[in-house]
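Observations on the model geometry
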Amino acid sequence: MKPTHILAATTPVLVFLVTTATAQQANPPAVRYDQHISAGGNPPPSGTLTNPVKGDSSAAADGAKLFGAFNCDGCHAGGAVGAVGPSLADGRWRYGGSDGEIFSSIYFGRQGMPAFGGILPPDAIWKLVTYLQSLQPKEDNPTVSW
Amino acid sequence: MIRHRLTRRLIVATVMVLLAPRTAGGQAATAASKDDGQWTMPAKDYASTRFSGLSQINAVNARRLRALWSFSTGVLGGHEGQPLVVNNTMYVVTPYPNVLYAFDLTQEGYPLKWKYRPNVNPAVIGIACCDLVNRGAFYADGKIVYNLLDGYTVAVDATTGKEIWKTKIADVYKGESTPMAPLIVKDKVIVGTAGGEYGVRGWIKGLDLKSGQVLWTAYSIGPDDEVLVNQATFKSFYDKGPDLAGLKSWPKDGWKNGGAPVWGWLSYDPTLDLIYYGTGNPAPWNVEQRPGDNKWATSVMARDPDDGSLRWAYQFTNGDNWDFDSTQEMILADLMVKGRLRKVLVHFDKNGFAYTIDRATGEVLVAEPFVAVNWAKRVDLKTGRPEMDPTKLTGASKGNITDICPTLEGGKNQQPAGYSPRTGLFYVPTNNMCMDFQSAQVNYVVGTPYIGAGAPYKPGPGGNLGAFIAWDAANGKRVWEIKEKYPVWSGALATAGSVVFYGTLDGWLKAADARTGTLLWKFKVGSGVIGNPITFTGPDGKQYVAVYAGFGGDWFLLSGDVRSDDPADVRPAATFMPDIARHTSQGGIVWIFGL
């Protein structure tokens, strides 16, 4: 079974649309499918978005399934411990670890990472965010000893 | 007066020596490769032997080898591949972003003549399955030709470093990427695509060496006219047709995202006028989404280099259940097999069998395991098919299948073996691991991994994760073995001095006696070795050995915490090799050694 692709009919002006979405805290718009790979670039500020299902264990469980179903584990490994893509389970974030920052990374993509905004609705992305947040270690231990 | 004459003579002689290799270098690659002082193509010669006739460094004096020079490439990605040495210049291609360095070997400290910095699309970072590697360049007709990871082939003037042509061959937005080294045959540049983990449809292309124009494209899978196969010219020992391209060995449309990429090495037999290469795994890994043999994935292909037409093919792993790519090199040799001198190709497959195959017909003459194998009992030479163990078959409905040997890293992977016609032995870097394999249904999402399986590794019999072995391909027997703690992911170099070289994942370059496997020398090169040692003659007439250090490749993904460049990426150690990060981190260095 192939995932449903959400295709916008015309080219959206991303910054404009996202600014609108952010201001209203509404669902961000779909990303055109051909932007799906390398939307990347400079995502708009996203600090004001908050995770509507934060800490919800069933949302985290759904997110874990999505993490497999949409091939996130193909790059970040099972358990998101890192493979060709970085670890998402170490409590550290290259592009910021706030709700909105994680959401944006998935929605718009980052260097080397496709934008999933074109193929996943926002509530699914929030479930992924919730799953990743559930993996974070309680404390950051920077030392490895042999 | 006499003294003056002598000096003049010496000057004349010196000038002639300096001029000689420049003249030779202007000729075709076939002529240059006869010169053992140079290394003009990835595997030294068209037969992919990685054998050099140089013998100044020998089994007696190898213990006196020492490091003479090193250079940081400034790049952290895994340094697979090997340098070229042509006309007293050493050429080094880095992993992404694929910088090309030209070192002047006639000057003290080997300063750069130039460096070429292509503009490579960073989107490919998410499309290359297994680190951002490059497997090397090819020298021909005054050009250095290589692939950029984002789907371009470039030709750069070997003297000036100026770009001569740049051709788009692959589309990163379809999951294609191009880490492999080209092969140049006559006036054709042959290149292929990676992407077996992204649901591409694999191909090779023939480009015009002069202009870079794409002249033909030959898909690994699909309809006959796109696989470039027809009844008139296709004569294969086992597969007689009528389904030559194997379209019926796929579910309807399954072949369209069916993988069979080409990311390994190519060989060429000038007498038969055939190129040989292996294709990668069928996609996805979950075999239940693609019932059938899945031709011509996991196969060796023999094609005419002029028009790309398929002359014969043979599939090693029918309906692959385990990600057993067959992209490993095909080494061409003439061997006495069962009392007859045969023109063969020798191939060490991911699936753990070493194949000795008649390279004119595709008949399998010998197929024996070179590592621990349990997914198949044997290969039936009459049918060419492996006798699979039904308890090791995988699939989403079968759950977790345990203790399959070897792993999907293969008995051998990209790390190329070597062959010495002096000893008659093949020198093979190997992995010694087994795996559990759990498949799952997977969706094709363009530009994301199309895999559908998880497969944790464990050490194979004996506990050592790798070994460097000598193999008798006429009889299918291991002659000697050097056990290594970690998978041996570097290539082999064989020399007429009866010394073989290889590197280790924990960062040693080692020299061993080609006949006995006795370790002669080793040196810690600063990072794990996954590149391939080469040897050449310097402007001073002395023999040198060069190699890359630079941990990575599959082990960048799978080793745990081996990176130090990203504060936000801290990983648990890999269960099967928990202490590799104690011995190496990333970082590319080019090394030169001599006596």
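The model shown is predicted, which means the values in this text are computed figures rather than measured ones.

**A short note on unusual backbone geometry**
All names here are of chain B. Omega for the bond connecting Tyr 96 with Pro 97 falls within 30 degrees of zero, at 15°, which places this linkage in the cis form. In this structure, Pro 97 sits in the loop between strand 4 (89-93) and strand 5 (100-104). Put simply, Gly 241 and Pro 242 share a cis peptide bond, and its omega is 10°. Mapped onto the elements of the fold, Pro 242 is located in the loop between helix 3 (224-227) and strand 15 (266-269). The phi angle at Asp 141 is positive, at roughly 55°, despite the residue not being glycine. A positive phi angle, near 55°, is found at Asp 273, a position not held by glycine. Mapped onto the elements, Asp 273 comes out in the loop between strand 15 and strand 16 (274-278). A tally of 13 C-beta atoms within 10 Å means that Asp 273 is categorised as partly exposed.

**Things to note about the confidence of the model for chain B**
Residues and elements named next belong to chain B. On average, residues of chain B score 94 in pLDDT, and 94% of them reach the 70 mark or higher. Here residues 1-33 is modelled with pLDDT under 50, and outside its nearest four sequence neighbours on either side it reaches 24 contacts, counting other chains as well. In the predicted assembly, ipTM is 0.86 and pTM is 0.90.

**Details of the interface of chain A and chain B**
Chain A puts 30 residues into the contact, and the matching count from chain B is 32 residues. Counting residues per element, the ones that place at least two in the side of chain A that touches chain B are helix 2 (57-69) and helix 3 (72-76) of chain A. For the side of chain A that touches chain B, the class distribution of residues is 16 nonpolar, 10 polar and four charged.

**Description of the pairing of strand 9 (residues 152-157) of chain B**
All names here are of chain B. When you tally the buried positions in strand 9, you get five out of six residues, the bulk of the element. Bridging between strand 8 (residues 143-148) and strand 9 involves six bridges; their strand directions are antiparallel. In the strand pairing of strand 9, Asn 147 is matched with Thr 153. In sequence, strand 8 turns back onto strand 9 through a hairpin of three residues, with Gly 151 there showing a positive phi of about 95°. As defined by bridge partners, strand 9 adjoins strand 10 (residues 163-168) across five bridges and the pair is classed as antiparallel.

**Here's the deal with the pairing of strand 32 (residues 477-484) of chain B**
Residues and elements named next belong to chain B. Direction of pairing for strand 31 (residues 466-472) relative to strand 32: antiparallel, over a ladder of seven bridges. The residue of strand 32 that forms the bridge with Gly 466 is Glu 484. The turn linking strand 31 back onto strand 32 is made up of four residues, and Gly 476 within it adopts a positive phi angle of 65°.

**Quick notes on the packing of helix 2 of chain A against helix 5 (residues 122-134) of chain A**
Residues and elements named next belong to chain A. Between helix 2 and helix 5, whose axes approach to 7 Å, the crossing angle comes to 100°. As the angle between them shows, helix 2 and helix 5 are arranged roughly perpendicular. Only Ala 124, Lys 127, Leu 128, Thr 130, Tyr 131 and Ser 134 of helix 5 make contact with helix 2, whose side of the interface consists of Ala 59, Ala 60, Asp 62, Gly 63, Ala 64, Leu 66 and Phe 67. Of the residues belonging to the contact of helix 2 with helix 5, the class tally is eight nonpolar, three polar and two charged.

**Here's the deal with helix 4 (residues 99-108) of chain A**
All names here are of chain A. Of all 10 residues in helix 4, eight are buried, a share of seventy percent or more. Restricting attention to buried positions, one finds in helix 4 the residues Asp 99, Ile 102, Phe 103, Ser 104, Ser 105, Ile 106, Tyr 107 and Phe 108. Here the buried face of helix 4 lies against helix 5. Residue Gly 109 follows helix 4 closely and has a positive phi angle near 80°.

**Comments concerning the nonpolar core**
In this structure, Ala 137, Ile 331, Phe 426 and Val 500 of chain B are the most contacted members of the largest nonpolar core, which totals 220 residues. In this structure, Ile 331 of chain B is in contact with Ala 47, Ser 48, Thr 49, Leu 345, Val 346, Ala 417, Tyr 419 and Phe 426 of chain B, ignoring residues within four places of it in sequence.

**Some thoughts on the sheet that holds strand 31 of chain B**
Residue and element names in this part refer to chain B. Strand order in the open sheet formed by four strands is 26-27-31-32, with antiparallel pairing between adjacent strands. Two strands lie at the open edges of the sheet, namely strand 26 (418-420) and strand 32, each paired on one side alone. Recorded for the sheet is a direction-independent mean angle of 20° between the axes of neighbouring strands. Bridging between strand 26 and strand 27 (residues 425-431) involves three bridges; their strand directions are antiparallel. Looking across to strand 27, one finds that Gly 418 is bridged to Tyr 427.

Cut-offs used in this document
- Residues numbered from 1 in each chain as written.
- Chains lettered and ligands numbered in written order.
- Predicted model: local features only at pLDDT ≥ 70, side-chain atom pairs only at ≥ 80, totals over all residues.
- Helix = DSSP H or I, 4+ residues; strand = E, 2+ residues; numbered from the N terminus.
- Buried ≥ 20, exposed ≤ 12 C-beta atoms within 10 Å, placed from the backbone.
- pLDDT = per-residue confidence, 0-100.
- Contact = placed C-beta atoms within 7 Å.
- Nonpolar A, V, L, I, M, F, W, Y, C, P; charged D, E, K, R; others polar.
- Pairing = 2+ DSSP bridges.
- Axes fitted to C-alpha atoms, helices over the stretch in contact; angles between N-to-C directions.
- Parallel < 35°, antiparallel > 145°, perpendicular 65-115°, else oblique.
- Core = buried A, V, L, I, M, F, W, Y, C linked by C-beta atoms within 7 Å.

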